[in-house]
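Residues per chain are reported as follows:
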Amino acid sequence: MDIQTLVRPLEQMEAALGALYLEFSRVFVSDGEAHALFSRLSQEEKSHLMLIQFEKRLMKQNPGLLGEVNLEPGAILEVCDRAEKARRHAGRMTLREAVELALALEGSDAESYIRDLQGGGSPELVRLVKNLRAGDHAHHQALLAFAQSRGFAKAGEKRG
């Protein structure tokens, strides 16, 4: 699999989530805590995107080290689609709906790309995947803590 084919879905997912969280930060600007949370998540998604782009450059320098990696981008592209649709309708969502959606996206099956990639690939690719996984987990935990602080008990009961 070529590098661009491999990382493009990941780039799209991080960009879509970043745009969604930025829109949520705008929609919930009057709620300081929600605004701060979504602003931070948006910035972190941008940094994830920059990390992917950096690692992509490293992998391009050593394409033979990429190895045989199978990526099924379906779940990743589904996250992109859901995030884009939600971004267009963010102004009509309640804070609870926004948090529940963000929790679902951060805990979705798109994380399966981690399992798919662990068996092969370059050290750069393995490092990238581990860092993205850690970011997904941190986002999920931050959203869960926020949901619980707001009494959105059911928001964190089920991942995915």
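Details of the structure are given in the entry above.
Quick notes on the rules
- Residues numbered from 1 in each chain as written.
- Predicted model: local features only at pLDDT ≥ 70, side-chain atom pairs only at ≥ 80, totals over all residues.
- Heavy atoms only, no water.
- Helix = DSSP H or I, 4+ residues; strand = E, 2+ residues; numbered from the N terminus.
- Contact = heavy atoms within 4.5 Å.
- Areas by Shrake-Rupley, 256 points an atom, 1.4 Å probe, with all protein chains shown as cover.
- Salt bridge = Lys/Arg side-chain N within 4 Å of Asp/Glu carboxyl O.
- Buried < 20%, exposed > 50% of the residue type's maximum accessible area, 1.4 Å probe, protein only.
- Expected span 1.5 Å × (residues − 1).
- Axes fitted to C-alpha atoms, helices over the stretch in contact; angles between N-to-C directions.
- Parallel < 35°, antiparallel > 145°, perpendicular 65-115°, else oblique.
- Left-handed = near helix turned anticlockwise from the far one by under 90°.
- Arc of directions from axis to C-beta.
- Core = buried A, V, L, I, M, F, W, Y, C linked by side-chain atoms within 4.5 Å.

Asker: Can you break down the overall build of the chain residue by residue, with the values?
Answerer: Broken down by element type, the chain carries six helices and zero strands. Helices and strands in the chain line up, N terminus first, as α-α-α-α-α-α. Within the chain, counting contacts between residues at least 6 apart in sequence, those at least 24 apart form 82% of the total. When the accessible area of the chain is evaluated, it comes to approximately 8,000 Å², of which 52% is carbon and sulfur surface.

Asker: Provide a residue-level description of the pattern of salt bridges, including the pertinent values.
Answerer: A complete count under the given rule lists nine salt bridges for this structure. Two residues, R26 and E23, come together in a salt bridge whose shortest N-O distance is 3.6 Å. Of this pair, R26 and E23 both sit in helix α1 (residues 3-27), three residues apart, which is roughly one turn of that helix. On the accessibility criterion, E23 (21% relative accessible area) is partly exposed. Connected through salt bridges with shared partners, the residues D31, E33 and R150 form a single ionic network.

Asker: Let's hear about helix α2 (residues 32-61): which residues, and what values?
Answerer: Between its terminal C-alpha atoms α2 stretches 44 Å, which fits the 44 Å expected from 30 residues at 1.5 Å a residue. Those residues of α2 that fall on the buried side of the exposure criterion are A34, L37, F38, L41, S42, E45, H48, L49, I52, E55, K56 and M59. At its buried positions, α2 is contacted by α1, α4 (95-106) and α6 (123-149).

Asker: Give a detailed account of the packing of helix α3 (residues 74-88) against α4, specifying residues and quantitative values.
Answerer: Packing of α3 against α4 brings their axes to within 10 Å, and their N-to-C directions diverge by 165°. It follows from the interaxial angle that α3 and α4 lie roughly antiparallel. The interaxial crossing formed by α3 with α4 has left-handed handedness. When α3 is examined against α4, the residues V79, R82, A83 and A86 are found in contact with a partner set consisting of L101, A104 and L105.

Asker: Pulling in residues and values, what's your account of the side chain of E14?
Answerer: On the secondary structure map, E14 appears in helix α1. Apart from the residues within four sequence positions on either side, E14 is in contact with E45, H48, L49, I52 and L132.

Asker: Can you lay out the packing of α1 against α3 for me, pointing to particular residues and giving the numbers?
Answerer: Two numbers describe how α1 lies on α3: the axes approach to 9 Å, and their chain directions differ by 25°. In this view, α1 runs roughly parallel relative to α3, as classed from their interaxial angle. Helix-helix and strand crossings are classified by hand; for α1 and α3 the assignment is left-handed. For the pair formed by α1 and α3, the contact residues are P9, L10, Q12, M13, A16, L17, A19, L20 and E23 on the first element and I76, L77, V79, C80, A83, A86 and R87 on the second.

Asker: Let's hear about α3: which residues, and what values?
Answerer: Given a rise of 1.5 Å per residue, 15 residues ought to cover 21 Å, and the 21 Å separating the end C-alpha atoms of α3 matches this to within 8%. Within α3, the full set of buried residues consists of I76, V79, C80, A83 and A86. Projection of α3 onto a plane perpendicular to its axis shows the buried side chains occupying an angular sector of 140°, all on one side.

Asker: So, the nonpolar core: which residues are in play, and what are the values?
Answerer: Grouped together as the largest cluster of nonpolar side chains are 41 residues, with contacts concentrated most on L20, Y21, F24, F38, L95, V99 and L143. Counting only elements with at least two residues in this core, the list comes to α1, α2, α3, α4 and α6. Sequence-distant contacts of L20, that is, excluding residues within four places in its chain, are made with A83, A86, R87, L101 and L105.

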